[in-house]
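Here is what each chain is made of, one letter per residue.
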Amino acid sequence: DAKTTQPNSMESNEEEPVHLPCNHSTISGTDYIHWYRQLPSQGPEYVIHGLTSNVNNRMASLAIAEDRKSSTLILHRATLRDAAVYYCILNMYGGSQGNLIFGKGTKLSVKP
Amino acid sequence: ETGVTQTPRHLVMGMTNKKSLKCEQHLGHNAMYWYKQSAKKPLELMFVYSLEERVENNSVPSRFSPECPNSSHLFLHLHTLQPEDSALYLCASSQDEWGANTGELFFGEGSRLTVL
C-alpha cells in the first residue's frame, strides 16, 4: 500500500490560515488522496478528497502537487474547533473503503 | 450528528463478562465497519460488512464476534476479553464498500471500553 508521511504536530493561531502537508512519493496513478480529521473524543470525519486537480469544499481546500507526490490541506481560517488530528490517506480508484489506512496523522493545536 | 449512532458510549467489564456494542446507521448505507483505536495507536480495521455479508476479518481474535442482522445495524459481541482489549471501538458506514474514490466513511462517536 502506498504510504503517506505527515508531521506529528503543528500549531496555528485562531483565524489564521493553516497548511497541513502530506508527502506520498510512492503514489500510483490510480490513488486518490483523502483527508479525514478526528476531533477529541469523537470518531474521524471526512474532510476532502481529490485525484489531480485542486479541490475546494465548505470545510477546506486540497492542493495537489503537479507530480502528485505531495499535497496540502488548507484551512482558510482556523477556529478552535479545528483542533484535531488530521489524517492524509491514499486509496486506489474503486478501492474498498476498508483499505483506508489511518496512520498517526498530524495533531493540530489552535491557539486563541 | 453523523447519522451513525453507537451505544453504549462507555462500558466497563470484567474479563469473564459478556457484553455487546451496538451500531446503527440512518443513512441507507450498504457497508458497515468496526475499527479499534487503542491509546497512541492508529485506527485498526477489524471487520467489514457489505450488504450484510462479512467480507473481511483482519485476523481479529475470536473473543470479538460481529453480527450484522440488517443493513442498518451492526453489533460487536464481546466475551472473555483481556485488559489489552481496552480501547475506543468505532463503527463506520459507507454507501458501498467499493468505490473509495467517490464515497466517504461516516463514523460514530465510538464506545469507550475498559476491561478490568
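Here the structure is shown first, and the text comes after it.
Residues numbered from 1 in each chain as written. Chains lettered and ligands numbered in written order. Predicted model: local features only at pLDDT ≥ 70, side-chain atom pairs only at ≥ 80, totals over all residues. Heavy atoms only, no water.

Asker: Would you mind showing me how to read the interface of chain A and chain B here?
Answerer: A common way to report how large an interface is uses the accessible area buried once the components associate. Each partner contributes residues to the interface: chain A has 23 residues there, and chain B has 23 residues. In total, chain A and chain B occlude about 1,800 Å² of area from one another, counting both sides; carbon and sulfur atoms represent 54% of this. Here chain A and chain B share 0 salt bridges between them. Where the side of chain A that touches chain B is concerned, the elements lending two or more residues are strand 3 (31-38), strand 4 (45-50) and strand 8 (84-92) of chain A. Looking at the side of chain A that touches chain B, the element that brings in the most residues is strand 3 of chain A, giving 4 residues. Classifying every residue of the side of chain A that touches chain B by side-chain character gives 9 nonpolar, 13 polar and 1 charged. (Contact = heavy atoms within 4.5 Å. Buried area = accessible area lost by both parts, 1.4 Å probe. Salt bridge = Lys/Arg side-chain N within 4 Å of Asp/Glu carboxyl O. Helix = DSSP H or I, 4+ residues; strand = E, 2+ residues; numbered from the N terminus. Nonpolar A, V, L, I, M, F, W, Y, C, P; charged D, E, K, R; others polar.)

Asker: Please clarify how the pattern of salt bridges should be interpreted in this entry.
Answerer: Side chains that differ in sign of charge can pair as their charged atoms come close. All names here are of chain A. Scanning the model with the defined rule gives 6 salt bridges over all chains in all. The salt bridge involving Arg37 is made with Glu45; its shortest N-O contact spans 2.7 Å. The class for Glu45 is partly exposed, based on a relative accessible area of 23%. Linking Asp82 and Arg37 is a salt bridge whose minimum nitrogen-to-oxygen distance equals 2.8 Å. Here Arg37 lies in strand 3 and Asp82 lies in the loop between strand 7 (70-75) and strand 8, a separation of 45 residues in the sequence. Pair check on accessibility: Asp82 and Arg37 agree, each one buried. (Buried < 20%, exposed > 50% of the residue type's maximum accessible area, 1.4 Å probe, protein only.)

Asker: Is there a simple way to think about the nonpolar core in this case?
Answerer: Nonpolar side chains in soluble globular proteins tend to end up buried together. The biggest cluster of nonpolar side chains holds 22 residues, and the ones touching the most others in it are B:Trp34, B:Phe64, B:Leu76 and B:Leu78. For this core, the elements supplying multiple residues, two or more each, are strand 2 (10-13), strand 3 (18-25), strand 4 (31-37), strand 5 (44-50), strand 7 (64-70), strand 8 (73-79), strand 9 (87-94) and strand 11 (111-115) of chain B. With residues near it in sequence (within four places) discarded, B:Leu76 still touches B:Lys19, B:Ser20, B:Leu21, B:Trp34, B:Met46, B:Phe47, B:Phe64, B:Ser65, B:Pro66 and B:Tyr89. The next biggest cluster of nonpolar side chains, apart from the first, holds 21 residues, and it includes A:Cys22, A:Ile64, A:Ala84 and A:Leu90. (Core = buried A, V, L, I, M, F, W, Y, C linked by side-chain atoms within 4.5 Å.)

Asker: Help me understand the state of the cysteines, please; the structure alone is not making it clear to me.
Answerer: The term disulfide refers to a covalent linkage connecting the sulfur atoms of a pair of cysteines. Enumeration over the complete set of coordinates arrives at 2 disulfides over all chains. Between the sulfur atoms of A:Cys22 and its disulfide partner A:Cys88 the distance amounts to 2.1 Å. Measuring handedness by torsion sign, the sulfur bridge of A:Cys22 and A:Cys88 sits at about -85° and is left-handed. Remark: A:Cys88 occurs in strand 8 and A:Cys22 occurs in strand 2 (residues 18-23); sequence separation between them is 66 residues. Of the two residues, A:Cys22 and A:Cys88, both sit in the buried class. Covalent S-S linkage joins B:Cys23 and B:Cys91, the inter-sulfur distance amounting to 1.9 Å. A torsion of -75° about the S-S bond marks the disulfide between B:Cys23 and B:Cys91 as left-handed. (Disulfide = S-S within 2.5 Å.)

Asker: Quick question: what am I supposed to make of unusual backbone geometry here?
Answerer: When glycine is set aside, most residues are seen to have a negative phi, and most peptide bonds are trans. All names here are of chain B. Of note, the amide linkage connecting Thr7 to Pro8 takes the cis form, showing an omega dihedral of -10°. The residue Glu52 is not glycine, and still its phi comes out positive at about 70°. Along the chain, Glu52 falls in the loop between strand 5 and strand 6 (53-57). Glu52 gets classed as partly exposed once you look at its relative accessible area, which sits at 38%. Phi at Thr80 takes a positive value of approximately 50°, unusual for a residue other than glycine.

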